[in-house]
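Structural features, examined
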Amino acid sequence: MGYSITQWLFGILSFLAIMFALMVVFTRNPINSVLYLVMTFFCIAGHYLLLNAQFLAVVHIVVYAGAIMVLFLFVIMLMNLNQDTEPQKTLMTKLIAGLIGGVFLAVLVGTLKGAEQLSFSQTGASQIGMVKNLGIVLFKDFLFPFEIASVLLLGALVGAIMLGKKEIK
Amino acid sequence: MINTIPIHYYIFLSAILFIIGAVGVMARRNAIIIFMCIELMLNAVNLLLAAFATLHNDSSGQIFVFFIMAVAAAEVAVGLAILSMIYRNIKSIDVDLLSRLKE
Amino acid sequence: MKALFIISGLGILAMLAEIFKFKRALYPLVLIGILAALVANFTEFNNNESIQAFNNMIRFDNVALAFSSVILITAFLWFILANDYFTNETSLTDHFSLVLFALTGALMLTAFSNMTTLFLGIEILSIPLYVLAASKKNDVKSNEAGFKYLIMGSFASAFLLFGIALIYGATGTFDLLAIRAKISEGMPLFFYAGIIMMLIAMCFKVSAAPFHFWAPDVYHGSPTVIMALMSTVVKTAAFVAFMRLFLVGFGSATSVWAMAMAGIIALSLIISNMTAAAQSSVKRMLAYSSISHAAFMLMGILAVNPIYSMRAILYYALAYSVATIGGFTVLYRVEKQSGNTYDDFNGLAKRNPFAALGMLICMLSLAGIPVTAGFFAKYFIFTALIGSTYKWLLVLAVIMSCVGVYYYIKVIIAMYFKKPTHQEPLLIEKSHTLLLAIAVVLVLVLGLLPNFVLSV
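1. A short note on the overall build of chain A
For chain A, the helix and strand inventory stands at 6 helices and 0 strands. Counting from the amino terminus, chain A carries its helices and strands in the arrangement α-α-α-α-α-α. Put simply, chain A has 169 residues, and 34% of those count as buried. Look at the contacts in chain A between residues 6 or more apart in sequence, and 56% of them connect residues 24 or more apart.

2. Points about the domain arrangement of chain A
Taken domain by domain, chain A comprises domain 1 (1–83) and domain 2 (128–169). Using only C-alpha atoms to locate each centre, domain 1 of chain A and domain 2 of chain A end up separated by 24 Å.

3. Structural notes on the interface of chain B and chain A
Counting residues at the interface gives 64 residues for chain B, matched by 75 residues for chain A. Taken together, the elements giving at least two residues each to the side of chain B that touches chain A come down to helix H1 (7–27), helix H2 (31–56) and helix H3 (60–90) of chain B. Here the side of chain B that touches chain A is built from residues that sort into 46 nonpolar, 13 polar and 5 charged.

4. Considering the nonpolar core
Core analysis: the largest hydrophobic core is formed by 292 residues, its most contacted members being Val45(B), Val78(B), Ile82(B), Leu298(C), Met299(C), Tyr316(C) and Ala439(C). With 21 residues, the top contributor of residues to this core is H2(B). No fewer than three residues from each of domain 1 (1–83) and domain 2 (128–169) of chain A sit in this core. Apart from the residues lying within four places of it in its own chain, the contact partners of Val45(B) are Ser14(B), Phe18(B), Ile68(B), Ala158(C), Leu161(C), Phe162(C) and Ala165(C).

5. So, the confidence of the model for chain A
Looking at chain A as a whole, the pLDDT averages 83, with 84% of positions reaching at least 70. Mean pLDDT across the elements of chain A bottoms out in helix H4 (residues 91–110) of chain A (81) and peaks in helix H2 (residues 30–50) of chain A (92).

6. Topic: the interface of chain A and chain C
Counting residues at the interface gives 24 residues for chain A, matched by 29 residues for chain C. The dominant element in the side of chain A that touches chain C, judged by the number of residues it contributes, is helix H6 (residues 143–164) of chain A, at 14 residues.

7. Brief notes about helix H18 (residues 391–417) of chain C
All names here are of chain C. The terminal C-alpha atoms of H18, which comprises 27 residues, lie 38 Å apart, in line with the 39 Å expected from a rise of 1.5 Å per residue. Those residues of H18 that fall on the buried side of the exposure criterion are Leu 393, Ala 397, Met 400, Ser 401, Gly 404, Tyr 407, Tyr 408, Val 411, Ala 414 and Met 415. Contacts from the buried residues of H18 go to helix H12 (254–277), helix H13 (282–302), helix H15 (348–351), helix H16 (353–367) and helix H17 (373–385).

8. Digging into the environment of Gly105(C)
Residues and elements named next belong to chain C. With respect to the helices, strands and loops of the structure, Gly 105 is situated in helix H5 (residues 92–111). The class of Gly 105 is buried, set by 29 C-beta atoms lying within 10 Å. For the pair Gly 105 and Ala 25, spaced 80 residues apart in the sequence, the C-alpha separation amounts to 24 Å. Apart from residues lying up to four places away in sequence, Gly 105 is in contact with Gly 121, Ile 124 and Leu 125.

9. Digging into the packing of helix H2 (residues 23–44) of chain C against helix H3 (residues 62–81) of chain C
Residue and element names in this part refer to chain C. At a minimum axis separation of 10 Å, H2 and H3 run at an interaxial angle of 165°. Judged by the inter-axis angle, H2 sits roughly antiparallel to H3. Judged by the twist between their axes, the crossing of H2 over H3 is left-handed. Note on element contacts: H3 touches H2 through Leu 65, Ser 68, Ser 69, Leu 72, Ala 75, Phe 76 and Phe 79, opposite Val 30, Leu 31, Ile 34, Leu 35, Ala 37, Leu 38, Asn 41 and Glu 44. A class-by-class count of the residues in the contact of H2 with H3 yields 11 nonpolar, 3 polar and 1 charged.

10. A word on unusual backbone geometry
All names here are of chain A. Even without a glycine there, the phi angle at Asn 52 is positive, about 65°. Mapped onto the elements of the fold, Asn 52 is located in the loop between H2 and helix H3 (54–79). The exposure class of Asn 52 is buried, given the 20 C-beta atoms found within 10 Å.

11. Here's the deal with the confidence of the model for chain B
All names here are of chain B. Mean pLDDT over chain B works out to 85, with 87% of the residues at or above the 70 mark. Mean pLDDT values for the elements of chain B range from 89 in H1 up to 91 in H2. The ipTM value of the predicted complex is 0.92, and its pTM value is 0.92.

Rules used throughout
Here the residue numbering is sequential within each chain, running from 1 through the sequence in written order. Chain letters and ligand numbers both follow the written order, the letters beginning at A and the numbers at 1. Confidence filtering applies because this is a predicted model: local features only for residues at pLDDT of at least 70, side-chain atom pairs given and counted only at 80 or more, and all residues used for totals across whole chains, interfaces and linings. A run of H or I in DSSP counts as a helix once it spans at least four residues, and a run of E counts as a strand once it spans at least two, with each numbered from the N terminus. Here a residue counts as buried when 20 or more other C-beta atoms fall within 10 Å of its C-beta, as exposed when 12 or fewer do, and as partly exposed in between; the C-beta atoms come from the backbone. Contact criterion: two residues are in contact if their C-beta atoms, reconstructed from the backbone, are within 7 Å. Segment limits for the domains were obtained from an automatic or database-derived domain assignment. Just so you know the grouping, Ala, Val, Leu, Ile, Met, Phe, Trp, Tyr, Cys and Pro go in nonpolar, Asp, Glu, Lys and Arg go in charged, and all remaining residues, Gly too, go in polar. The term nonpolar core means buried Ala, Val, Leu, Ile, Met, Phe, Trp, Tyr and Cys residues held together as one set by C-beta atoms within 7 Å. Summary of the metric used: pLDDT quantifies the predictor's per-residue confidence within the range 0 to 100. Multiplying 1.5 Å by the residue count of a helix minus one yields the expected span of that helix. Angular values range over 0 to 180 degrees, each being the angle between N-to-C directions of two axes fitted as lines to C-alpha atoms, with helices fitted over their stretch in contact. An angle below 35 degrees is read as roughly parallel, one above 145 as roughly antiparallel, one from 65 to 115 as roughly perpendicular, and any other as oblique. Each crossing gets its handedness from the near helix: less than a right angle anticlockwise from the far helix is left-handed, clockwise is right-handed.

This is the structure we're talking about:
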């Protein structure tokens, strides 16, 4: 039995996402790290498209690649940090970090037993990712979190400005 | 498009991405890269939520992703503000220099 | 429900004060607003109107109202403590609005009944606090405290979210009550992995060992007033969230998390008390002792007793917050005069007898000496736990309380039996004297009439 296009795409995108994610961690130059992270985000956006969540994919690109990573680049450029002179952590710390990560992954994979029985409930294209459906759910069921998120953004805004501005005498 | 990918592949993929991010947070010293690794962890969660939303045919998983994005943006804004303030004071963003609190 | 709107409205009002130039009126306005929110809480009591507002995203039931009242009372006392901190700041209105926004998050955490509101509540509480911890701009220590808090907070949030995602995957819902109903149907293994990840994340947030390593540094580096806020309001809010999540949400899956939690409690008790005893700075000692108090409150959750657990934690949170605010009032003045080591407290009884007396009573309460509120707080926690299978924890807790008595008594000995290193008397403002008096009276009243709170 051959693989379908979706399966091919899933495999390629997953491989690329993991590769780029590893590059984010292992590159020494922060600018390269940012660019690899952007590539990872594009791969994840590809996954969203496979899941038929187009709106999510677009928002993901706009917010992460378009806003957050640009902010990162700005800060790196402003502080002139684009040289790879980062002092390294000791080998011991790295080994321990790797070990913790490995154990953790093993535990998570171990708990996947039983997940195989869960299967996608419908075989046709799912409509939940469409803007119309998302809008209805967001403004009906999730109205309260939506409103209260404004307090969160306001708090972050005030905080960032307060830290950024000079002291007024 | 008919999605025929089993759900545990998605859990597996997100778990790997999440752990790469977590190891990055623990093993790197550059504060900006630590931040990026946290973003990577959040993205792993987003992917998992989107996959589960499709599994259960329920939009609320995708809505949750939007809230995570809002929070991630807010955290990054505050985090980079603090970081630039630290840089102004000690001209470095090496987190191991930040251990002078341990007296 | 109304309290939440009042407090978030006040936060926005504080921002407008800068533009419309009523900065001076802001402080009394905020105090009045918090009192109004308290009154609103009392009118909503036993009146289930606002339950299930907004599609069961948030439920202000009686438990939530009781805890949010505790948080509001503590916040009111904290604002009295912080009055001169605010007047000395250049960006006054920003501080006000940040604290009020954090308070909004704290109120949300008392009443959430959906994973979305839990997550947003935690973030609304945390993000302003990252900024406040770093708010001394020229002080590198304060910057570092903010940065460490931010990294640890976001790292814990990522774990929390992964846990939420796994639980959503297993149950198909974010609603706490729906999850509770589904647990009995039998869940795949990764659901339990999700619970454990949420447990780890919440332990990070309430700074229980072995996830506590960030807390002393962050507390020590932050401005003292902000540390007072973090160890009272924020701690209470995080605990209520912890309690709601594990008693209401995962109450029927205790076999998964109870054992892990018992280990965490034992570790927290030992590490925090041993390190606290070795500190030379009172501020750092209070930071470590707050971890030990976190362990005591966790014991209340571990009891999984629907009635006693909540009452014991409610009483403990109130007793602990009031005594801590009282202690911080004295610490704040002493620190301003000289420093925050034990030596700076030497001979305080001669330099300012009233402050020394207030500190004495607050320390005795924190140590859990009878007649003060702290004793009954510990007593109720123990009675809640005694019916469970974790009786060995009680023995450990009693031993560690004795260690706790040692380092609290050290402050008292310094105040009463040592020669003053600074001769000049310690001056305390009128408002702080009043605050200390309120705290002492509350500690004694709560200690003499412990059933008053429990009858709620």
